[in-house]
Amino acid sequence: MVSDVIIIGAGISGAAIARELSRYKLKVLLLEKEAEPAFGVSKSNSGIIHAGTQNPPSSLKGWLCVEGNRLICTQIASDLGLDFVQCGQLIVVFDLADLPELEKIKKEGEELGVKGLEIVDRAWLDKNEPNLGPEVKAALYVPSAGIISPYRFVYALVENAVKNGVRLLTSRRVTAIRRKETNGFEVVAGGEVFRARFIVNAAGLFADEISALAGAPTFKIVPRKGEEYLLDKKREHIANHIIFPLPSKTSKGVLIIKTSDGNPMIGPTAHDTLDKTDLSTTDEGLAEVLAGARRMIPSISAGDIIAYFSGLRPVAGKDFIIRHEAAAPGLVNVAGIQSPGLTSAPAIAVMVADILKAHGLKLDLKEEFHRLRPRPVHLFQVSPEETRQLIAKNPAYGDIVCRCELVSAAEIRDAIKHGARTLDGVKFRTRAQSGRCHGGFCTTRIMKIMREELGFPVTAITKRGPGSELIKDERQ
Ligand SMILES: Cc1cc2nc3c(=O)[nH]c(=O)nc-3n(C[C@H](O)[C@H](O)[C@H](O)COP(=O)(O)OP(=O)(O)OC[C@H]3O[C@@H](n4cnc5c(N)ncnc54)[C@H](O)[C@@H]3O)c2cc1C
């Protein structure tokens, strides 16, 4: 099959682009090297839908962030049934001498179109954010920021894109790209050859390698590692907003982050590394994050931490690179998508559609575009009365598999029906295995359900794709 567009990479960028292009009468193929979407940078971040502040007014990422925030708040979160909460953010200062810095962030944010910014004093903070430490003197209140589950955001976009005709192929690592003499490309992935007129390169940390394969070695990705530490759910109400310090030159600083699943998070660090696979966490990172977080909320302690991870920001200079490459006509790069890439993705997708159109792709709207996606049930988000009603309709909602996070067999079967093929895929969609016991009690039950639903043996069930099998068949 010849596609109009092949999108390489099913992270938030590729997923949003796929959904945007699925509005039009196009053949779109989404290729992902991992076993499932959202296994790259898009799974390891802070899950903040930024307002747009802390970006230079002239930057591409600044205006895409503001537009992405607007699209998520006004359309996408409700259309796709996302668990988005607009909780607002505070950027705090520890010295009133830093107030001019806050004024500068406010002015720059307003230039970008961020609404409702207000400098608030200690009396306001005592009333609205009572756990802040005594060092905090004032803050910039940013009401339009919010939180989301980053992987469920990707899954919702991909699912809706597929419903609208996009073809998704996972476990297809792109290893070669040949440009045809007339026009278009041949893309080799997982041993198969796919043809398309246009390629959109949304390969995250590997976007520089894909661009070079297509004949445009025009930039280099330098990963910037961020370590994050998740706190126990019992600290859920430690903060009412996402809390930031003043930003540094390379990052927004160590934050206290509310998450859409309840567990607060502290982090991230920001240190450049040369290794695109280094997802380690370190004692130094932990010390840096704890010190930064405790300066804002002193009651946070190391004992609150139940899990940690790190993510790598795909940095290619100061701004995003979103452009058609003259050196490889037909190639559109979506690269250097560091923070706020999660927020900007819906706006990036619209921009990419415009670039493709400007380079000859015909964008005719389909007669029917399925805009809506039903919100999946998460027992941890519903009231006891709603739970009773669900169990009355389907007793599998009463069969609790993950006790830490209150996830039922019905939700796990539903996640598999919606595309989960690995234990991490089930975890990211449902939260089963995410609690304090880290799957100690529920993993074997989940494997049994996967075997029943998917019809393959437990020895073929992996944590995150080939090589991460949990059970070995000694007879082989
Ligand atoms: C610690 C941290 C915190 C962050 N916090 C926030 C935040 O709070 N808010 C926010 O807006 N942004 C945040 N970000 C930024 C955000 O996570 C990224 O901008 C975004 O996830 C990038 O998405 P992507 O789709 O471009 O890349 P990815 O998610 O990495 O997707 C690229 C995909 O391409 C696939 N791929 C790569 N090579 C190939 C190949 N050869 N063949 C086929 N497929 C391939 C990968 O497997 C991957 O799935 C944060 C980032 C980090 C690291």
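The rules we used
- Residues numbered from 1 in each chain as written.
- Predicted model: local features only at pLDDT ≥ 70, side-chain atom pairs only at ≥ 80, totals over all residues.
- Heavy atoms only, no water.
- Helix = DSSP H or I, 4+ residues; strand = E, 2+ residues; numbered from the N terminus.
- Polar contact = N/O pair within 3.5 Å; in protein donor to acceptor, adjacent residues only side chain to side chain.
- 1 Å grid on protein atoms, 1.4 Å probe; cavity = no way out; pocket = protein on both sides within 12 Å on 5 of 7 lines; lining within 4 Å.
- Points joined across faces, edges and corners; volume = space filled by probe spheres on them.
- Nonpolar A, V, L, I, M, F, W, Y, C, P; charged D, E, K, R; others polar.
- Domains from an automatic or database assignment.
- Axes fitted to C-alpha atoms, helices over the stretch in contact; angles between N-to-C directions.
- Parallel < 35°, antiparallel > 145°, perpendicular 65-115°, else oblique.
- Left-handed = near helix turned anticlockwise from the far one by under 90°.
- Contact = heavy atoms within 4.5 Å.
- Core = buried A, V, L, I, M, F, W, Y, C linked by side-chain atoms within 4.5 Å.
- Buried < 20%, exposed > 50% of the residue type's maximum accessible area, 1.4 Å probe, protein only.
- Buried area = accessible area lost by both parts, 1.4 Å probe.
- Salt bridge = Lys/Arg side-chain N within 4 Å of Asp/Glu carboxyl O.
- Near = heavy atom within 4 Å.
- Areas by Shrake-Rupley, 256 points an atom, 1.4 Å probe, with all protein chains shown as cover.
- Pairing = 2+ DSSP bridges.

Student: I would appreciate a short explanation of the side chain of S42 in the present structure.
Tutor: Mapped onto the secondary structure, S42 falls in the loop between β2 (28-31) and β3 (48-49). A polar contact is formed between the side chain of S42 and the backbone nitrogen of I12, at a distance of 2.9 Å.

Student: Looking at this structure, I do not really get the layout of surface pockets. What am I missing?
Tutor: When its volume is computed, the second largest pocket comes out at roughly 230 Å³. Contributing to the lining of the second largest pocket are 13 residues, with V158, L168, H418, G419 and R429 lying nearest its centre. The biggest single contributor to the lining of the second largest pocket is helix α5 (residues 150-163), with four residues. Along the lines of polarity and charge, the residues of the lining of the second largest pocket split into six nonpolar, three polar and four charged. Summarising the domain contributions, the lining of the second largest pocket has at least three residues from each of domain 1 (1-84 + 145-221 + 316-375) and domain 3 (379-460).

Student: Quick question: what am I supposed to make of the packing of helix α1 (residues 12-21) against helix α8 (residues 341-358) here?
Tutor: The geometry of a pair of packed helices is captured by two quantities: the angle between their axes and the separation between those axes. The N-to-C vectors of α1 and α8 enclose an angle of 45°; their axes lie 8 Å apart at closest approach. On the basis of their axis angle, the class for α1 and α8 is oblique. Where α1 crosses over α8, the handedness of that crossing is right-handed. Of the residues in α8, those in contact with I12, A16, I17, E20 and L21 of α1 are G341, L342, A345, P346, A349, V350, V352, A353 and L356.

Student: Would you mind going over the nonpolar core with me for this structure?
Tutor: If you look at soluble globular proteins, the nonpolar side chains tend to sit buried side by side. By size, the foremost hydrophobic cluster in this structure holds 56 residues, and its most contacted members are I7, L21, F153, V200, I322, V352 and L356. Elements with a contribution of two residues or more to this core: β1 (2-8), α1, β2, α2 (60-79), α5, β11 (192-201), β19 (331-335) and α8. The element best represented in this core is α8, accounting for 10 residues. Filtering out sequence-adjacent residues up to four positions away, F153 remains in contact with I12, I49, I72, I76, L82, I148, L342 and P346. Within the second largest apolar cluster, 24 residues are counted, among which are V120, I238, V254 and A293.

Student: Explain empty space enclosed by the protein to me, please; I cannot follow it from the model alone.
Tutor: Picture a little ball the size of a water molecule; that probe, rolled over the atoms, points out where space is still empty. Per the stated rule, a full pass over the model turns up two cavities of 30 Å³ or more. Taken as a whole, the largest cavity spans an internal volume of roughly 140 Å³. Forming the boundary of the largest cavity are 13 residues, of which R373, P376, D414, A415 and R429 lie nearest the centre. The set of elements that each furnish at least two residues to the lining of the largest cavity consists of α5, α10 (409-417) and α11 (423-430).

Student: Even after reading the chapter, I still don't get the domain arrangement of the protein, so can you show me in this structure?
Tutor: Many structure descriptions define interface size as the accessible area lost when the parts assemble. Taken as a whole, the protein is organised into domain 1 (1-84 + 145-221 + 316-375), domain 2 (89-143 + 222-311) and domain 3 (379-460). Computed over C-alpha atoms, the centres of domain 1 and domain 2 are 28 Å apart. Across the boundary between the two partners, domain 1 contributes 32 residues, which contact 33 residues of domain 2. Both sides of the domain 1 and domain 2 interface together cover about 2,400 Å² of buried area, and 61% of this is carbon and sulfur. It is T53, Q54 and P57 that lose the most area in domain 1 upon contact with domain 2, and together they represent 26% of the buried surface on that side. Scanning the region where domain 1 abuts domain 2 turns up three salt bridges. Note that E209 and K276 form a salt bridge whose closest N and O atoms lie 2.9 Å from each other. Run the count over domain 1 and domain 2 and you get nine residue pairs in polar contact (both at pLDDT 80 or more). Secondary structure elements with two or more residues in the side of domain 1 that touches domain 2: α2, β7 (146-147) and α6 (207-213). Counting residues per element, the side of domain 1 that touches domain 2 draws most heavily on α2, at three residues. For the side of domain 1 that touches domain 2, the class distribution of residues is 13 nonpolar, 13 polar and six charged.

Student: I would appreciate a short explanation of the site of the ligand in the present structure.
Tutor: The local shell around the ligand holds 40 residues, among which S13, E32, S42, I337 and T343 are the closest. E32 is positioned such that a nitrogen or oxygen atom in its side chain is 2.6 Å from an oxygen atom of the ligand. Taken by itself the ligand offers 1,000 Å² of open surface, and the protein chains cover 97% of this. Contributions of two or more residues to the shell around the ligand are made by α1, β12 (222-231), β17 (305-315) and α8. Partitioned by chemical class, the residues of the shell around the ligand number 16 nonpolar, 17 polar and seven charged. A domain split of the shell around the ligand shows at least three residues from each of domain 1 (1-84 + 145-221 + 316-375) and domain 2 (89-143 + 222-311).

Student: Please explain the pairing of β19 as it appears in this structure.
Tutor: Two faces make up the sheet, and in a regular strand the side chains alternate between them. Most of β19 is tucked away: five of the five residues are buried. Of the two faces of β19, the one lined by L331, N333 and A335 and the one lined by V332 and V334 are each fully buried. Sheet analysis places β11 next to β19, joined by three bridges and oriented parallel. The residue of β19 that forms the bridge with V200 is V332.

Student: Is there a simple way to think about the pattern of salt bridges in this case?
Tutor: Two side chains bearing opposite charge may form a pair once their charged atoms approach each other closely. Scanning the entire structure with this criterion turns up 35 salt bridges. Its salt-bridge partner being E367, residue K25 comes within 3.2 Å of it at the nearest N-O pair. Residue K25 is found in the loop between α1 and β2, and its partner E367 is found in the loop between α8 and α9 (384-393); the two are separated by 342 residues along the sequence. Of the charged contacts in the structure, one is a salt bridge between R464 and D424, with a shortest N-O distance of 3.5 Å. One end of the pair, R464, is in the segment after α12 (443-454); the other, D424, is in helix α11, with 40 residues separating them in the sequence. Via salt bridges that share partners, D83, R152, K233, D261, E405 and R431 belong to a single interconnected network.

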